[in-house]
Amino acid sequence: MTDARALPPPAAESRLAAVRRWWGDHALAQAVGLAAVTVVLAVLTANVVASMRRLGMSPNFDYLAQPANFDISESLIVYRAGDPYARAILVGLLNTLKLAVCGCALATVLGVTLGLLRAAGNPLLARLVATYVEVVRNTPLVLQLFFWIALTRMAPPVRQALEPLPFAYLSVRGVYLPWITVEGGAIWPVAAFLLLVALLVHEIHKRLGRPLSATEWLVAAAAAILVPAGWVWADGVRLSADLPTLRGFNIVGGISLTPEFAAMLVGLAVYYAANIAEIVRSGLQSVTRGQWEAGRALGLHRARILQLVVLPQAMRVITPLMTSTWLDLTKDTTLGVLIGFTEVTAVIKTSANNTGNAVETILVLVVVFLSISLPVSAAINAYNRMLARRGVVTS
Amino acid sequence: MTILLEDARLAPPKAERWRAAAADLFSSPVNAVVTVVVAGLIAAALWRFARWAVVDAAWSGGAETCRQRSGACWPFVASNAQLMVFGVYPQDLLWRPAVSLALMAGVIAASMIPRLWSATLALAWGLVPAAVCILLSGTFFGRPVSTNEWGGLPLTLLVWMIAFAGAFVVAIPLALARRSNMGGLRTAAIIVIELVRGVPMLVALYVSRFIVPMTAPGLEINLFVSVETALILFVASYLAEIVRAGLQALPRGQTEAANALGLGYWRTTQLILLPQALRAVIPALVNLGIGVLLSTPLVAVIGMTDFLSAVREAASHEQDWPGCYTTAYFVAGLVFFSICFIASRYSRWLERRLRAAGHG
Amino acid sequence: MTKQTPIRRAAGVALAIAALAGGFGAATSAEAGPTVDQIKQRGVINVGVGTQAGFFAPDANGKWQGFFIDFGRALAVTVFNDPDKVQFTNTSPQQRLPALQAGQFDVLLSGVTETILRAFKLNFNFGPVVFYDGQGILVKKSLGVTKGSDLDGATIGVQSGTTGELNIADFFKKSGKTYKPVVIEDTNAFSQALLSGRADALTQDSSDLALRRAAFPNPDDYVLLPERLSKEPLAPAIRWGDDQWLQIVNWTVYATIQAEEWGITSENVDSFLKSDDPAIKRFLGVDPSLGEAIGLDPKFAYNIVKKVGNYGEIFERNLGKSTKIGFDRGLNRLWTQGGLLYSPPFR
């Protein structure tokens, strides 16, 4: 079946012929079949619209501009009850992204650590990690999330919050940490400058082909400290510590992590770390023993072999699997709805409930997730095709 | 027999392996410290668990005993077993879900014995869910019981079985279409697979609950049917990719040899390619099966009383059984774990067996 | 080669499954039209409920019990003369309204508050109010809070998809104070939020909060503030555009109220059959003219009272002083006793 595709195209082929070749055998049957499917889909869509009419509704997205009169537990941007639904959905979407990004990072760190611990050579430790992987991968994620949220509920009440470090609190309301507030000016030029310095150091390092000398490091460090300090002084930026303190009913100030977010984050990280540990293991196993031996024959240390020989090859197996795991994790952020983390699904369901636009709101949800997952999926496929072209793996 | 010999040749004797492992435990100072710390952690965790599950647990009596003991509340499990296992199925007809459970367990167990793999077994995968549906609904005989009242473990297994068996029927044509040289067909298959894989299962379930019923005005689409439709499509989109991988892994010589024998596309696919491709991806299939089973609790979100939600329902009788959540969740977790652990061990055993037999 | 191959068998299986799915569809198919016809064809009423012991909860044997459940059974008696021809499905507050729209239920008896937006925008019809409620606030006693406005800056648990979620936002806007919402969908998790200290207070229909408090391990540590933030008339909700079904829902509820007004209970209803009062004769179907005129079983009210009970019985059995819950009738008394329950005349 692959034969036709594998054949090199004839030298001078007209565009029409190329399309015909792409379209392949049974041209008419295909066209009729696809047309039939399209017609069925159109009928079903028309039916949905008709059903809505019968219930006195008409499909529209006007509700996005109407005020949403409910509050949301946590938000990255300013949101108050009465803002439009579109903004409420944006709040939910940002929460989803926040959870997805933090979750992927934590799961990866944890998973890689576990994968390496398992390969570290202590049988008992390897057994413990293996048991962890077994337990986590063989129980429903939903159940695990119930467990984690129940665990956060066992933390001490806010008035008896634990203070493991000065001004860091842990209570049933979440984790509170000190933060720095910036007033009276902009801080982003400092960040931009630091990034520039880092890039410059990297570039110089590459050009020189040797590590930087102590003096050169000193210059870079001085620039990285003095210039921002000068900017802060000149721009009138005031930095102040924002310390969490118990005031009234709650701990206020600082930055906080709600228990619902923490439970989702830990739950997803623990679950997907087990997957990632397995991916790392299978990636390392995909590199033949001969590679290790060849490295040793060249007189390289174990760590250098891992870094220079094994990992680059293992990454070919790991990268697509890891990416699709991240995608799965992102999709599973929707489970937040089960334990009270207000992500995009929760907001959209509440919107559907208050506006009656259930069909439209669910369509918004579908579009949101497709616009995240289709590009990632396309990237994975492209990567696999690239490897296949290079003959690394059979695709 | 040859397989046993292979295994014996590959692995050193058990005693030797133990000795080697024991030596590794204390091979360096760092390793020794790690071993002691890990052993301590394991012992502490086991002890805490034993106290909860055995020493401090209430074993007999009623809610009063549970209130006094700090550990697990086993009498709660005993007195709520019916609700947890069978959900809200009518009490006088419990033999139906019980027989259903036995039927489905039987087919699943039979499927784990490679000697029994046959067309008949494939047929059983289609017929048993159908029989269970007839049995639970009471169609053709006895009192009808609506799908809304199905629940508990039989429902979980049924949802899983139909989704998985049905997915095969959809996934194989999808996989073949995606590998076909017909551009239109291939594009259609890619669109279906990528669109369905692109949304979370929860969103797919919302679509099945709130939009699918509206696609056929006048026809009242049962929640169970629309959920299964969504799940079949959802699982099929993952399954199709697994089947495709299996097909891709086959050497091109297979097709060429079949063509040389004068077999057409369908005969080649049916007799040569699919059997080999499916055999090669069995471990991936088992993993997908486990994944789907572990995702079935999500159907609770749209109002089906699956096993986990029946357990939660039982646990919500808080005024009678204070703090029974932990025990209830533990039982639910244990049931899921037992099923999936056996399945994953089985998958690993099968993988070794197939590789040893030269099919991998 | 002539032997049947797995593929062909698999195709057979596929057909079997398709036929099965088709069979389910066909078994429940009905002409587009009145809900009543669909219900009759189906042989059972689909009712969406919540879970909250007292209002609606399956007992240890999986049989649904509760105040709203009994109204579902009363509806089944009106349509089928059989209190068991009804099936209850648990649905979260956030899902129930779209699910009703999508046709999953014939009626919602999950304690839905009747509001103008739900009537016009979501296109629902509401039957008579079966429970007059108001939004309350449940707080931990040790906080020393006596009214809602004391909760400035507090963390308050709200259940998503309820009017409570909207009312509390209004309440704090109006008073110019602030609060931190903890939005929770799951019914059980909602109670846990207060018990664990995640929230300082919960806000919800006060009856719901009282039921929760009763289920707490230490109910005396919590207090339901006397203040009511809103009116919460809980009524059966049905889809728009089906007047006949609406009438059945209406008059089923009225029958329970009227029966209580006349003192007719499930126990003494048979003795009323001998009553000389023409109104009671019409009501119980001794005089069948009324039932014939409206196209219902003339004895439907008799059957409801006999098989389910009157409003007072339903209330007492599930929520009243004789139960653990011990609710006062409050506004849910008959109009003759200073309450709001009032049935239009059965004639």
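About the thresholds
- Residues numbered from 1 in each chain as written.
- Chains lettered and ligands numbered in written order.
- Predicted model: local features only at pLDDT ≥ 70, side-chain atom pairs only at ≥ 80, totals over all residues.
- Helix = DSSP H or I, 4+ residues; strand = E, 2+ residues; numbered from the N terminus.
- Buried ≥ 20, exposed ≤ 12 C-beta atoms within 10 Å, placed from the backbone.
- Contact = placed C-beta atoms within 7 Å.
- Rg over C-alpha atoms; globule rule 2.2 N^0.38 Å.
- Core = buried A, V, L, I, M, F, W, Y, C linked by C-beta atoms within 7 Å.
- Domains from an automatic or database assignment.
- pLDDT = per-residue confidence, 0-100.
- Nonpolar A, V, L, I, M, F, W, Y, C, P; charged D, E, K, R; others polar.
- Pairing = 2+ DSSP bridges.
- Axes fitted to C-alpha atoms, helices over the stretch in contact; angles between N-to-C directions.
- UniProt positions renumbered as here; feature names shortened; annotations may be inferred.

In terms of regular secondary structure, chain B is built from 17 helices and one strand. Dimensions of chain B along its principal axes, counting C-alpha atoms only, are 75 × 70 × 35 Å. Every one of the 360 residues in chain B was classed for burial, and the buried ones make up 44%. If you take every contact in chain B between residues at least 6 apart in sequence, the share linking residues at least 24 apart comes to 67%.

The helix and strand tally for chain A stands at 14 helices and eight strands. The C-alpha atoms of chain A give 28 Å as radius of gyration, which overshoots the globular expectation for 395 residues (21 Å, by more than 25%). Looking at chain A as a whole, 33% of its 395 residues qualify as buried. Here the contacts in chain A between residues at least 6 apart in sequence split such that 66% fall between residues at least 24 apart.

Moving on, we get to the nonpolar core. Ranked by size, the top nonpolar core spans 280 residues in total, and within it A:Leu145, B:Ala163, B:Ala171, B:Leu205, B:Val235, B:Val243 and B:Val311 carry the most contacts. Looking at this core, the element that brings in the most residues is helix α9 (residues 152-179) of chain B, giving 19 residues. Shared between two domains, this core holds at least three residues of each, these being domain 1 (34-90 + 242-327) and domain 2 (135-232) of chain C. Not counting residues up to four positions away in its chain, the partners in contact with B:Ala163 are B:Glu228, B:Leu231, B:Ile232, B:Val235 and B:Val292.

Attention now goes to the confidence of the model for chain B. Residue and element names in this part refer to chain B. Per-chain confidence: chain B averages 85 in pLDDT, with 94% of residues scoring 70 or above. Of all helices and strands in chain B, the one with the weakest mean pLDDT is helix α1 (residues 2-10) (38), whereas α9 scores best (93). Counted against residues more than four places away or in other chains, residues 1-10, with its pLDDT under 50, gives five contacts. On the interface metric, ipTM, the complex scores 0.88, and its pTM is 0.84.

Looking now at the interface of chain B and chain A. Counting residues at the interface gives 47 residues for chain B and 53 residues for chain A. Looking at the side of chain B that touches chain A, the elements with two or more residues in it are α2 (14-25), α3 (29-55), α10 (183-198), α11 (201-211), α12 (223-249) and α17 (325-356) of chain B. No other element matches the nine residues that α17(B) contributes to the side of chain B that touches chain A. Counted by class, the side of chain B that touches chain A contains 33 nonpolar, eleven polar and three charged residues.

Listed per partner, the contact involves 33 residues of chain C and 32 residues of chain A. Those elements that provide at least two residues to the side of chain C that touches chain A are α4 (93-101), β8 (154-159), α6 (163-175), β9 (179-184) and α7 (187-195) of chain C. Counting residues per element, the side of chain C that touches chain A draws most heavily on β9(C), at five residues. Residue composition of the side of chain C that touches chain A, by class: 13 nonpolar, eleven polar and nine charged.

Below, the discussion takes up the sheet that holds strand β2 (residues 168-171) of chain A. Residues and elements named next belong to chain A. A sheet is described by the order of its strands in space; here four strands give the open sequence β1-β2-β3-β8, paired in antiparallel fashion. In this open sheet, the two edge strands, each paired with only one partner strand, are β1 (162-165) and β8 (255-257). Looking at each pair of strands side by side, their axes are set apart by 20° on average, direction ignored. Examined bridge by bridge, strand β3 (residues 174-177) and β8 share three bridges and lie antiparallel to one another.

All names here are of chain B. Per the UniProt record, the feature "transmembrane region" (unreviewed entry) sits at residues 32-50, 95-113, 120-141, 153-176, 188-211, 223-243, 280-305 and 325-346. Within residues 95-113, the helical portion is 89% and the strand portion 0%, while the C-alpha atoms at the span's ends are 28 Å from each other. In residues 120-141, the share of helix is 82% and the share of strand is 0%. The end C-alpha atoms are 26 Å apart.

Residue and element names in this part refer to chain A. Here the UniProt-annotated "transmembrane region" (unreviewed entry) positions come out as residues 27-50, 97-117, 186-205, 217-234, 254-274, 305-327 and 362-383. Secondary structure over residues 305-327 splits into 100% helix and 0% strand, and the C-alpha atoms at its two ends are 30 Å apart. Helix makes up 100% of residues 362-383 and strand 0%, and the two end C-alpha atoms of the span are 32 Å apart.

Looking now at the pairing of strand β10 (residues 201-205) of chain C. Residue and element names in this part refer to chain C. With five of five residues buried, β10 lies mostly within the body of the structure. Across three bridges, β8 lies against β10 in parallel orientation. The residue bridging Gly157 from the neighbouring strand is Leu202, located in β10.

To continue, consider the environment of A:Arg385. Within the fold, A:Arg385 resides in helix α14 (residues 358-389). The spacing of A:Arg385 and A:Phe70 is 315 residues in sequence and 47 Å in space, taken between C-alpha atoms.

Since the α-helix packs 3.6 residues into each turn, any two residues three or four apart lie on the same face. Of all eleven residues in α11(B), eleven are buried, a share of seventy percent or more. Residues of α11(B) that are buried: B:Met201, B:Leu202, B:Val203, B:Ala204, B:Leu205, B:Tyr206, B:Val207, B:Ser208, B:Arg209, B:Phe210 and B:Ile211. On its buried face, α11(B) sits against α3 (27-54), α13 (344-355) and α14 of chain A, α12 and α15 (282-295) of chain B together with α4 of chain C.

Further remarks concern helix α16 (residues 307-315) of chain B. With respect to burial, α16(B) is a largely interior element, nine of its nine residues being buried. If you check which residues of α16(B) are buried, you get B:Phe307, B:Leu308, B:Ser309, B:Ala310, B:Val311, B:Arg312, B:Glu313, B:Ala314 and B:Ala315.

The next subject is the pairing of strand β12 (residues 231-239) of chain C. If a strand is regular, its side chains alternate between the two faces of the sheet. All names here are of chain C. In terms of burial, β12 is a largely internal element, seven of the nine residues being buried. Across three bridges, the pairing between strand β5 (residues 107-113) and β12 is antiparallel. Bridging from a neighbouring strand, Thr113 pairs with Leu234 of β12. Judged from the three bridges that link them, strand β6 (residues 124-126) and β12 form a sheet pairing that is antiparallel. Among the inter-strand pairings, Phe124 is bridged to a residue of β12, identified as Arg239. With four bridges joining them, strand β7 (residues 131-140) and β12 adopt antiparallel strand pairing. Note on β12: the bridge partner recorded for Tyr132 is Pro233.

One non-glycine residue, A:His26, lies in the positive phi region at around 50°. Inspection of the secondary structure assignment puts A:His26 in the loop between α2 (15-23) and α3. Take A:His26: there are 14 C-beta atoms within 10 Å of it, and that puts it in the partly exposed class. Here C:Asn123, not a glycine, exhibits a phi torsion of approximately 55°, which is positive. Look at C:Asn123 and you get partly exposed, because 18 C-beta atoms sit within 10 Å.

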